[in-house]
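Report on the structure
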Amino acid sequence: MPRNTVKLVSAEGYEFIIDYKAACVSNTIRNMLSSQGSFTETELGEVKFPEITTPILEKTIQYFYYKLRYQNSTTKNIPEFKVEPQIALELLMAANFLDS
(Lines give C-alpha, C1' and ligand atoms only; values in the text may rest on other atoms or scores of the structure.)
Protein backbone atom coordinates (compact mmCIF):
# COMPACT_ATOMS: atom_id res chain seq x y z
CA MET A 1 0.00 0.00 0.00
CA PRO A 2 1.45 3.40 -0.92
CA ARG A 3 2.43 5.63 1.93
CA ASN A 4 0.81 9.10 2.11
CA THR A 5 2.79 10.58 4.99
CA VAL A 6 6.22 10.27 6.56
CA LYS A 7 7.41 11.11 10.06
CA LEU A 8 10.68 13.03 10.33
CA VAL A 9 12.20 13.28 13.81
CA SER A 10 14.68 15.98 14.82
CA ALA A 11 17.65 15.66 17.16
CA GLU A 12 15.48 16.89 20.05
CA GLY A 13 12.77 14.34 19.28
CA TYR A 14 10.28 16.73 17.69
CA GLU A 15 8.17 14.86 15.14
CA PHE A 16 7.04 16.31 11.82
CA ILE A 17 4.40 14.45 9.82
CA ILE A 18 4.72 15.50 6.19
CA ASP A 19 3.48 14.35 2.79
CA TYR A 20 5.43 11.50 1.25
CA LYS A 21 5.92 13.52 -1.96
CA ALA A 22 7.40 16.41 0.02
CA ALA A 23 9.79 14.09 1.87
CA CYS A 24 10.95 12.62 -1.44
CA VAL A 25 12.26 16.01 -2.56
CA SER A 26 15.27 14.78 -0.59
CA ASN A 27 17.09 12.00 -2.45
CA THR A 28 18.48 10.76 0.87
CA ILE A 29 15.04 10.42 2.46
CA ARG A 30 13.58 8.88 -0.70
CA ASN A 31 16.34 6.24 -0.68
CA MET A 32 15.84 5.55 3.03
CA LEU A 33 12.10 5.03 2.55
CA SER A 34 12.37 2.86 -0.52
CA SER A 35 15.31 0.61 0.35
CA GLN A 36 14.90 -3.13 0.07
CA GLY A 37 14.82 -5.10 3.30
CA SER A 38 13.22 -4.54 6.65
CA PHE A 39 14.77 -1.27 7.74
CA THR A 40 12.94 0.83 10.33
CA GLU A 41 12.60 3.74 7.91
CA THR A 42 10.98 1.56 5.26
CA GLU A 43 8.75 -0.37 7.67
CA LEU A 44 7.50 2.53 9.81
CA GLY A 45 7.83 5.44 7.39
CA GLU A 46 9.85 7.24 10.04
CA VAL A 47 13.27 8.81 9.66
CA LYS A 48 15.28 10.06 12.65
CA PHE A 49 17.90 12.77 12.25
CA PRO A 50 20.05 12.83 15.41
CA GLU A 51 22.29 15.54 13.91
CA ILE A 52 19.61 17.94 12.63
CA THR A 53 18.04 20.33 15.13
CA THR A 54 14.32 21.10 15.18
CA PRO A 55 14.54 24.63 13.66
CA ILE A 56 16.78 23.40 10.83
CA LEU A 57 14.58 20.39 10.08
CA GLU A 58 11.50 22.63 10.11
CA LYS A 59 13.09 25.07 7.61
CA THR A 60 14.21 22.14 5.45
CA ILE A 61 10.64 20.81 5.37
CA GLN A 62 9.40 24.26 4.39
CA TYR A 63 11.84 24.11 1.47
CA PHE A 64 10.55 20.67 0.44
CA TYR A 65 7.04 22.12 0.09
CA TYR A 66 8.39 25.25 -1.64
CA LYS A 67 10.25 23.14 -4.20
CA LEU A 68 7.22 20.91 -4.81
CA ARG A 69 5.06 23.96 -5.44
CA TYR A 70 7.41 25.84 -7.76
CA GLN A 71 9.71 23.32 -9.44
CA ASN A 72 7.65 23.06 -12.64
CA SER A 73 6.12 26.51 -12.48
CA THR A 74 5.92 28.54 -15.66
CA THR A 75 5.36 31.83 -13.85
CA LYS A 76 8.18 34.33 -13.58
CA ASN A 77 6.95 35.53 -10.20
CA ILE A 78 8.34 32.76 -8.01
CA PRO A 79 8.85 34.16 -4.52
CA GLU A 80 12.26 33.99 -2.93
CA PHE A 81 12.79 31.25 -0.33
CA LYS A 82 14.00 33.32 2.59
CA VAL A 83 16.70 31.99 4.91
CA GLU A 84 17.75 33.85 8.03
CA PRO A 85 21.52 34.52 7.99
CA GLN A 86 22.03 33.01 11.46
CA ILE A 87 20.86 29.55 10.29
CA ALA A 88 22.28 29.62 6.75
CA LEU A 89 25.40 27.53 7.43
CA GLU A 90 23.62 24.85 9.46
CA LEU A 91 20.82 24.73 6.86
CA LEU A 92 23.36 24.35 4.05
CA MET A 93 24.99 21.40 5.84
CA ALA A 94 21.58 19.73 6.37
CA ALA A 95 20.63 20.31 2.72
CA ASN A 96 23.92 18.78 1.60
CA PHE A 97 23.33 15.69 3.76
CA LEU A 98 19.71 15.37 2.61
CA ASP A 99 20.70 15.90 -1.04
CA SER A 100 17.88 18.36 -1.60
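Here, every reference points to the structure presented above.
Residues numbered from 1 in each chain as written. Predicted model: local features only at pLDDT ≥ 70, side-chain atom pairs only at ≥ 80, totals over all residues. Heavy atoms only, no water.

1. Looking at helix H4 (residues 54-70)
The end-to-end C-alpha distance of H4 is 24 Å, a good match for the 24 Å that 17 residues give at a rise of 1.5 Å each. Residues of H4 that are buried include every one of Thr-54, Ile-56, Leu-57, Lys-59, Thr-60, Ile-61, Phe-64 and Tyr-70, and no others. Buried-residue contacts for H4 involve strand E1 (5-9), strand E2 (15-19), helix H1 (20-23), helix H2 (27-34) and helix H5 (88-98). (Helix = DSSP H or I, 4+ residues; strand = E, 2+ residues; numbered from the N terminus. Expected span 1.5 Å × (residues − 1). Buried < 20%, exposed > 50% of the residue type's maximum accessible area, 1.4 Å probe, protein only. Contact = heavy atoms within 4.5 Å.)

2. Thoughts on the sheet that holds E1
One open sheet holds the three strands; their spatial order is E2-E1-E3, and the pairing between them is mixed. Single-partner strands in this sheet number two, and they are E2 and strand E3 (46-48). Here the average twist between neighbouring strands, direction ignored, is 25 degrees. Where E1 meets E2, five bridges bridge the pair, whose relative direction is antiparallel. From the neighbouring strand, Thr-5 faces E2, where its bridge partner is Asp-19. Its contacts with the sheet place H4 against E1 and E2, and it is angled at close to 5 degrees to E2. (Pairing = 2+ DSSP bridges. Axes fitted to C-alpha atoms, helices over the stretch in contact; angles between N-to-C directions.)

3. Some details on the packing of H4 against H5
At a minimum axis distance of 10 Å, the contact between H4 and H5 shows a crossing angle of 60 degrees. By the angle between their axes, H4 is oblique relative to H5. In this structure, the crossing between H4 and H5 has a hand that is right-handed. Contacts between H4 and H5 pair Ile-56, Lys-59, Thr-60 and Phe-64 from the former with Glu-90, Leu-91, Ala-94 and Leu-98 from the latter. Counted by class, the contact of H4 with H5 contains five nonpolar, one polar and two charged residues. (Parallel < 35°, antiparallel > 145°, perpendicular 65-115°, else oblique. Left-handed = near helix turned anticlockwise from the far one by under 90°. Nonpolar A, V, L, I, M, F, W, Y, C, P; charged D, E, K, R; others polar.)

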